[in-house]
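Notes for the structure review
Read off the chains here:
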Amino acid sequence: MNWAEFFSMGGYALYVWSSYAAAAVVLLLNIALPLRRRDAVLNALREFYRLKGRSR
Amino acid sequence: MVEIYILIGMHKYASPKTFYPLAGTLIPWLAGATVLLLALGLYLGLFVAPPDYQQGETVRIMFIHVPAAWMSMFVYAVMAAAGAAALVWNVKLMETLASACAPIGASFTLLALITGSLWGKPMWGAWWVWDARLTSELILFFLYIGVMALRASIDDPRRAARAAAILALVGVVNIPVIHFSVEWWNTLHQPASVGRMGKPTIHLSILMPLLTMAVAFTFYFLTAALLRMRNEILEREKHTSWVQELVESRR
Amino acid sequence: MTSPSLLAATANVLRRDLTVAWRRSADVLTPLVFFAIVTSLFPLGVGPEPSLLRTLAPGVLWVAALLSVMLALNRMFANDYADGTLELLALSPHPLSLLVLSKVAAHWVLTGLPLVLISPLLAVQLNLPSEAMGALLLSLLLGTPVLSLIGAVGAALTLGLRGGGVLVSLLVLPLYTPVLIFGAGSVAQAAAGAEIEAYISLLAAFLALTLTFAPWAAAAALRVSLD
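Keep in mind the model is a prediction, meaning the values are calculated, not measured.

A separate point is the interface of chain A and chain B. Counting residues at the interface gives 30 residues for chain A and 42 residues for chain B. Carbon and sulfur atoms supply 70% of the area buried between chain A and chain B, which totals about 3,300 Å² over both sides. Inspection of the chain A/chain B interface yields one salt bridge. The residue Arg37 of chain A makes a salt bridge to Glu235 of chain B at a minimum N-O spacing of 2.8 Å. There are nine residue pairs in polar contact (both at pLDDT 80 or more) connecting chain A and chain B. Every element with two or more residues in the side of chain A that touches chain B is listed here: α1 (3-8) and α2 (13-55) of chain A. When residues in the side of chain A that touches chain B are grouped by element, the largest group, 24 residues, is from α2 of chain A. Of the residues assigned to the side of chain A that touches chain B, the class counts are 22 nonpolar, four polar and four charged.

Put into structure tokens, the structure is as follows:
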């Protein structure tokens, strides 16, 4: 198959590929943000238990 | 008797302590299934499905738009059902599920709106047309924003979860009414020249990528929801010894 | 002390809310003045062209009515929440949903009803044909109680929250769309000389539906907020 033709999407490249790009961004963000948040939560909790342990 | 065992079994998995590691083992499998299904859906949608005789290659936008729109409604229903379960049976796990649903559902709604607009420009000649489905989707997006805003403005997680659950239930009762009203309004005001969105003649080569993407999005939703639920469980259960042990063992 | 009967209790709540509002009449006037100002701003924004105003009139009047009702929502429970009356009501042996219903009724008498009454005046300003006056009055009469009822749920959910005023609009406005569509739709149909029975029956159906569900949801929301 002809790749240039495939990417041109019959002249609608902008609309088709923007849609797929938007989907990729949304799907990746919804995984990346909770993963980053997980690190933040773990760090915060580690600090929390350290302070709690010291105050005892 | 059997019911009692089922209840006890459910209770065991509904406890955050059991659910947390269970979710941890499920996530890689769900993520793997999501990736495989997405790959298959993209292959079917981009290479196998033929261009539509009317819409041309833009029909491929449907393979994102339609499943995203389905998911936006499905996730709202899950959120409302989880909220109802949390209100009635007081299950903490359901509160975390409902809270995980809101941002994921809102982003599917946003995706449906963006792709709808990207489809509309070449087909209708405008970035935004007050099409019945797009309008319903826009209102659904506002409903999601409302749930998230309400949750964000309440500090106490219990109260936030219960208030959001009531709002989601009110929303779920209203969604069919809103949908019906918008359809009515649309048929009344729509000039006949503007074609209706979607509804391509459902051919198998179109249906297969649509369904595959829809299943892929469902697995994706489960993965993303479990990730969010685990974070919230850690935060809400920080006063328990199992969370402390878990955090301290991960240096 | 014996507790009053259900009927007496609901009547007491209604009477109390009306009396309090009577003493603070500015509270009643604000949404009305808002309604008048918003509708008067439209000709200034879009130009005084009578035919343009005539097409816009149903939508403008309905959207302005919607916003005015919303503006007054915070008042529904806020004072009773601040002085503790609400907690007493929640402790009463009567179903909270019915007491909420009488508070909603008071709210409607103080905001919805006055809006209905002055709407013909503003409609004339916007060149709405006189054939549509009946539809305007009837649709507002059926629609504004729905707005108050749905609004009660929003007001109960946002009770005592920071930024409650803006938040309540986020929660409530999307839920108002069906009423807006059929309310404004009926007026536009009447102005075009068409039959409006379907619209009015649907508005009546919305009213019946919200009358059964909203007080109950609002009571549940109040219990969450009072916890």
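Before going further, it helps to spend a moment on empty space enclosed by the protein. Residue and element names in this part refer to chain B. The full count for this structure, using the stated rule, is four cavities of 30 Å³ or more. The wall of the largest cavity is formed by Met73, Ser136, Glu137, Ile139, Leu140, Leu143, Ile175, Ile178 and His179. Those elements that place two or more of their residues in the lining of the largest cavity are α5 (132-152) and α6 (157-189). A per-element tally of the lining of the largest cavity places α5 first, with five residues. In terms of residue class, the lining of the largest cavity is built from six nonpolar, two polar and one charged.

A few words on the packing of helix α3 (residues 50-71) of chain C against helix α6 (residues 96-125) of chain C. All names here are of chain C. At a minimum axis distance of 11 Å, the contact between α3 and α6 shows a crossing angle of 155 degrees. Between α3 and α6, the crossing angle belongs to the class labelled roughly antiparallel. Like other packed secondary-structure pairs, α3 and α6 cross with a definite hand, here right-handed. Contacts between α3 and α6 pair Leu61, Ala65, Ser68 and Val69 from the former with His107, Leu115, Ser119, Leu122 and Ala123 from the latter. Across the contact of α3 with α6, the residue classes tally to six nonpolar, three polar and no charged.

Turning next to the side chain of Thr34 of chain B. Residues and elements named next belong to chain B. Within the secondary structure, Thr34 is located in helix α2 (residues 16-48). With a relative accessible area of 5%, Thr34 lands in the buried category. Not counting residues up to four positions away in its chain, the partners in contact with Thr34 are Ala216, Phe219, Tyr220 and Thr223.

Let us now look at the UniProt feature "transmembrane region" (unreviewed entry) in chain A. In the UniProt entry, the feature "transmembrane region" (unreviewed entry) is given for residues 12-33 of chain A. Counted over residues 12-33 of chain A, helix gives 95% and strand 0%. Its end C-alpha atoms are 32 Å apart.

For the largest pocket, the calculated volume is near 720 Å³. Taken together, 30 residues form the lining of the largest pocket, with Trp185 of chain B together with Val63, Thr177, Leu180 and Ile181 of chain C sitting closest to its centre. The set of elements that each furnish at least two residues to the lining of the largest pocket consists of α5 and α6 of chain B together with α3, α8 (164-172) and α9 (177-191) of chain C.

What follows is about the environment of Thr135 of chain B. All names here are of chain B. Checked against the element boundaries, Thr135 lands in helix α5. With 43 residues separating them along the chain, Thr135 and Ile178 place their C-alpha atoms 9.8 Å apart. Leaving out residues up to four positions away in the same chain, Thr135 has contacts with Trp130, Val182 and Trp185. Here the side chain of Thr135 touches Asp131 through a polar contact of 2.6 Å, landing on its backbone oxygen.

Once that is clear, we can look at the nonpolar core. Formed by 165 residues in total, the largest nonpolar core has its most connected members in Met79, Phe108 and Leu150 of chain B together with Phe77 and Leu157 of chain C. If we skip the residues at most four places from it in the chain, Leu150 of chain B touches Ala163, Ala164 and Leu167 of chain B together with Leu157, Thr158, Leu161, Leu167 and Leu171 of chain C.

A surface patch of nonpolar side chains, amounting to about 610 Å² of accessible area, comprises Trp3 and Phe7 of chain A together with Leu40, Tyr43, Phe47 and Val48 of chain B. Secondary structure elements with two or more residues in the nonpolar patch: α1 of chain A together with α2 of chain B. When residues of the nonpolar patch are assigned to their parent elements, the largest contribution, four residues, is made by α2 of chain B. Inspection of the secondary structure puts Tyr43 of chain B in helix α2. What makes Tyr43 of chain B partly exposed here is its relative accessible area of 47%.

Okay, the arrangement of the chains next. Contacts are most numerous between chains A and B, considering all two pairs of chains that are in contact. Separated in space, chain A and chain C share no contact, their closest pair of C-alpha atoms being 24 Å apart.

Turning our attention to the packing of aromatic side chains. Taken as a whole and judged by the stated rule, the model has 22 aromatic pairs over all chains. On the basis of an interplanar angle of 80 degrees and a centroid distance of 6.1 Å, the ring pair of Phe74 of chain B and Phe221 of chain B is categorised as edge-to-face. Of this pair, Phe74 of chain B sits in helix α3 (residues 62-89) while Phe221 of chain B sits in helix α7 (residues 204-236), and the two are 147 residues apart along the sequence. When the centroid spacing of 6.1 Å and the interplanar angle of 85 degrees are considered together, the rings of Phe108 of chain B and Tyr220 of chain B count as edge-to-face. Note that Phe108 of chain B is positioned in helix α4 (residues 92-124) and Tyr220 of chain B in helix α7, a separation of 112 residues in sequence. A relative accessible area of 1% means that Phe108 of chain B is categorised as buried. Take Tyr220 of chain B: its relative accessible area is 4%, and that puts it in the buried class. One aromatic cluster is present, formed by Trp3, Phe6, Trp17 and Tyr20 of chain A together with Tyr43 and Phe47 of chain B through successive ring pairs. It is Lys238 of chain B that lies over the ring of Phe48 of chain A; its NZ or CZ is 4.6 Å from the centre.

A few words now on the pattern of salt bridges. All chains considered together, the criterion is met by 13 salt bridges over all chains. For Asp227 of chain C, the salt bridge identified is with Arg162 of chain B, shortest N-O distance 3.3 Å. Of the two residues, Asp227 of chain C is situated in the segment after α10 (197-226) and Arg162 of chain B in helix α6; the pairing between them involves two chains. Taking relative accessible area as the criterion, Asp227 of chain C reaches 72% and is therefore assigned exposed.

We now examine the interface of chain C and chain B. Taken together, the contact pairs 26 residues of chain C with 27 residues of chain B. For the pairing of chain C and chain B, the buried interface totals around 2,300 Å² over both sides, and the portion due to carbon and sulfur atoms is 76%. Along the contact surface separating chain C from chain B lie one salt bridge. There are four residue pairs in polar contact (both at pLDDT 80 or more) connecting chain C and chain B. Take the side of chain C that touches chain B: its biggest share by element is nine residues, from α10 of chain C. Looking at the side of chain C that touches chain B, its residues break down into 20 nonpolar, four polar and two charged.

What counts and what doesn't
Residues numbered from 1 in each chain as written. Chains lettered and ligands numbered in written order. Predicted model: local features only at pLDDT ≥ 70, side-chain atom pairs only at ≥ 80, totals over all residues. Heavy atoms only, no water. Contact = heavy atoms within 4.5 Å. Buried area = accessible area lost by both parts, 1.4 Å probe. Salt bridge = Lys/Arg side-chain N within 4 Å of Asp/Glu carboxyl O. Polar contact = N/O pair within 3.5 Å; in protein donor to acceptor, adjacent residues only side chain to side chain. Helix = DSSP H or I, 4+ residues; strand = E, 2+ residues; numbered from the N terminus. Nonpolar A, V, L, I, M, F, W, Y, C, P; charged D, E, K, R; others polar. 1 Å grid on protein atoms, 1.4 Å probe; cavity = no way out; pocket = protein on both sides within 12 Å on 5 of 7 lines; lining within 4 Å. Points joined across faces, edges and corners; volume = space filled by probe spheres on them. Axes fitted to C-alpha atoms, helices over the stretch in contact; angles between N-to-C directions. Parallel < 35°, antiparallel > 145°, perpendicular 65-115°, else oblique. Left-handed = near helix turned anticlockwise from the far one by under 90°. Buried < 20%, exposed > 50% of the residue type's maximum accessible area, 1.4 Å probe, protein only. UniProt positions renumbered as here; feature names shortened; annotations may be inferred. Core = buried A, V, L, I, M, F, W, Y, C linked by side-chain atoms within 4.5 Å. Patch = residues over 30% accessible without salt bridge, like charges linked within 9 Å, V, L, I, M, F, W, Y side chains within 5 Å. Areas by Shrake-Rupley, 256 points an atom, 1.4 Å probe, with all protein chains shown as cover. Phe/Tyr/Trp six-rings, centres within 6.5 Å; stacked < 30°, edge-to-face > 60°. Lys NZ or Arg CZ within 6 Å of the ring centre and 35° of its normal.

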